[in-house]
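Now for the letters of each chain:
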Amino acid sequence: MNNDTPSREELVFLITGASSGIGAATARRARAEGWRVVLAARSLDRLQRLVEELGGAEHALAVRCDVCEWADQQHLAGAALERFGRIDVVFANAGFGGPRGFLADTPEHWREMVLTNVYGAALTLRATIPALKHTRGHLLLTSSVAGRRALPGSMYSCTKHAVTAMGEAARQDLNGSGVRVTLIEPGMTDTPFFDEPPQDALQDDDVARAVMYAVSQPPHVDINEILIRPTAQAG
Ligand SMILES: NC(=O)c1ccc[n+]([C@@H]2O[C@H](COP(=O)([O-])OP(=O)(O)OC[C@H]3O[C@@H](n4cnc5c(N)ncnc54)[C@H](OP(=O)(O)O)[C@@H]3O)[C@@H](O)[C@H]2O)c1
């Protein structure tokens, strides 16, 4: 953080994929700890409901952003800076999955998934790194257990391996800037990611607490990766 150390209430936590699941749970945790939050996703109505839940416009900002669109990402970073004047944490979390099996999914869905999970995350980094360098802030990316081990026939697993590489590439790129980089690698988590609720899964708040653990470390400590499975998950 800058020398004129800001209070927690001044710090700003930006989250993509904040309209549900892990992103929304992290927004709730961050607000509970006093952060101001910037919530990004395509579903503006859901984001606006979350802003109200989190105390209104003084503490939270909803920004419609399709992470695949560079203009949206630039608008997101600009809107955060215009409203709150700084960005201290960026959680590049937007993403989705698809069926396993290289013949199971459509080429169009693959394209959307690769663009969202990989290109979209890279655009979030690109749009926010200047602000993070200014605050000596913290960048987090949601990879997955599927980004650490290949799953059979899973294009999703391929996208998350790319996100894992992106986190380490960004960490090395930002070394010396004071910006910390953390990969969050959840196992099965009960969110709308799944059409049917999974059994014995993590809850979204379990992952949110891992995010808050990483960001609560002192500035000289960079938690590089958190791989977190439900106790019942074997693979
Ligand atoms: N659930 C799991 O078991 C699990 C495990 C490991 C990793 N993950 C990862 O965790 C992250 C969050 O997923 P979740 O489980 O919390 O699922 P979720 O509840 O479905 O949340 C996904 C979020 O991503 C947003 N999103 C999707 N496409 C987007 C786009 N083009 N632009 C902007 N936002 C977009 C969605 O919002 P809109 O639809 O409103 O845009 C939503 O807020 C994802 O990266 C996922 O791959 C999940």
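Quick notes on the rules
Residues numbered from 1 in each chain as written. Predicted model: local features only at pLDDT ≥ 70, side-chain atom pairs only at ≥ 80, totals over all residues. Heavy atoms only, no water. Core = buried A, V, L, I, M, F, W, Y, C linked by side-chain atoms within 4.5 Å. Buried < 20%, exposed > 50% of the residue type's maximum accessible area, 1.4 Å probe, protein only. Helix = DSSP H or I, 4+ residues; strand = E, 2+ residues; numbered from the N terminus. Contact = heavy atoms within 4.5 Å. Polar contact = N/O pair within 3.5 Å; in protein donor to acceptor, adjacent residues only side chain to side chain. Near = heavy atom within 4 Å. Areas by Shrake-Rupley, 256 points an atom, 1.4 Å probe, with all protein chains shown as cover. Nonpolar A, V, L, I, M, F, W, Y, C, P; charged D, E, K, R; others polar.

(A) Inspection of the nonpolar core at higher detail. Grouped together as the largest cluster of nonpolar side chains are 31 residues, with contacts concentrated most on Phe13, Trp35, Leu39, Phe91 and Leu140. Elements with a contribution of two residues or more to this core: strand 1 (12–16), helix 1 (21–32), strand 2 (36–41), helix 2 (44–53), strand 4 (89–92), helix 6 (204–215) and strand 9 (225–228). The greatest single-element share of this core, amounting to 6 residues, is contributed by helix 6. Among residues more than four places away in sequence, those in contact with Leu39 are Ile15, Ala18, Ala27, Leu47, Leu50, Val51, Leu54, Leu61, Ala62 and Val63. Core analysis: the next-biggest nonpolar cluster, separate from the first, contains 30 residues, Ala121, Leu141, Val163 and Val179 among them.

(B) How the structure looks around the side chain of Ser177. Structurally, the position occupied by Ser177 is in the loop between helix 5 (155–174) and strand 6 (180–186). Looking at Ser177, its side chain comes within polar contact range of the main-chain oxygen of Leu174, at 2.5 Å.

(C) Just the site of the ligand, in detail. In the vicinity of the ligand lie 29 residues, with Ser20, Arg42, Ser43, Tyr156 and Thr191 positioned nearest. At 3.5 Å, a backbone N or O of Cys65 approaches a nitrogen atom of the ligand. Residue Thr191 places a side-chain N or O atom 2.6 Å away from an oxygen atom belonging to the ligand. For the ligand, whose accessible area on its own is 880 Å², the fraction buried by protein is 94%. Elements that contribute at least two residues to the shell around the ligand include exactly helix 1 and helix 5. Grouping the constituent residues of the shell around the ligand by class yields 12 nonpolar, 14 polar and 3 charged.

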